[in-house]
Amino acid sequence: DGSIEFSIDFAFSPDESLFGKEMAVTFTGFGIQGATKYDEAVMTVPGDWELTWTLEGSAGEAKTWIPNAPIGSLPITLSQVEIGQYSMKLIYRIDEQAYAKYADFDDFQFKNAWSPYPAGVRWKDGTEMFVNGGGTQSWDAENHRFTVIICALDAVLDPEQIVGMSFYFGTEREKCDIPFE
């Protein structure tokens, strides 16, 4: 139908909210790439276009939930979740007796086919969105707590609109939804 879809990644400062800000993208023509990546691009439609919009959402602080909910049938409880515009922190508690059957945390994670990264966040309107980003994780063996911090998310989140999270687990990739409220 002649339409074009663009996906644009923005770099941002974690100290500054993007909500309520006007965003702008300017195109100075469209073209096609040459036969190889070393060939010069060929302008096919010259012109100037500017797209502007305001990123809607609340510019509040990160929000914290204490769901204390199990991840499906696994001996894992999602204890705490903190979500900001650009990052999230998840704290899990592993059942001590169940954990004793495994050699170490990697063995536990592998044999349960469990990833500590969420399948998605659920919005107030009922839709779900997969979010991804780099991060770090740590295992506190003494307290059987596993913490995951995901930063530099590939989306800007409005914590006020989030009502839950989902996870995949098990060899059949079962899905578990955890409401926050």
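Definitions and limits used
Residues numbered from 1 in each chain as written. Predicted model: local features only at pLDDT ≥ 70, side-chain atom pairs only at ≥ 80, totals over all residues. Heavy atoms only, no water. Buried < 20%, exposed > 50% of the residue type's maximum accessible area, 1.4 Å probe, protein only. Helix = DSSP H or I, 4+ residues; strand = E, 2+ residues; numbered from the N terminus. Pairing = 2+ DSSP bridges. Phe/Tyr/Trp six-rings, centres within 6.5 Å; stacked < 30°, edge-to-face > 60°. Lys NZ or Arg CZ within 6 Å of the ring centre and 35° of its normal.

Caption draft 1: Representation of the pairing of strand β8 (residues 88-94) within the structure. When you tally the buried positions in β8, you get five out of seven residues, the bulk of the element. Here seven bridges tie strand β7 (residues 76-83) to β8, and the two strands are oriented antiparallel to one another. Across the sheet, Q80 pairs through a bridge with I91, a residue of β8. Linking β7 to β8, which pair antiparallel, is a turn of four residues. In terms of strand pairing, β8 meets strand β12 (residues 145-150) through six bridges, oriented antiparallel. Paired with L90 across the two strands is V148, which belongs to β12.

Caption draft 2: Summary view of unusual backbone geometry. Even without a glycine there, the phi angle at N68 is positive, about 40°. Summarising the element assignment, N68 is placed in the loop between β5 (63-65) and β6 (69-70). Of the residues examined, N68 reaches a relative accessible area of 44% and is grouped as partly exposed. We note that H144 has phi near 55°; this positive angle belongs to a residue other than glycine. Judged by relative accessible area, H144 falls into the buried class, the value being 11%.

Caption draft 3: Quick look at the packing of aromatic side chains. A full pass over the atoms with the stated rule returns eight aromatic pairs. An angle of 35° between the planes, with centres 6.5 Å apart, marks the rings of Y92 and F146 as tilted. On the criterion of sequence distance, the pair formed by Y92 in strand β8 and F146 in strand β12 is long-range, its members being 54 residues apart. We classify Y92 as buried; its relative accessible area is 0%. Look at F146 and you get buried, because its relative accessible area is 3%. Across the ring face of Y168, the terminal group of R173 is positioned such that the distance to the ring centre comes to 4.2 Å.

No statement about biological role is implied by the geometric values presented.
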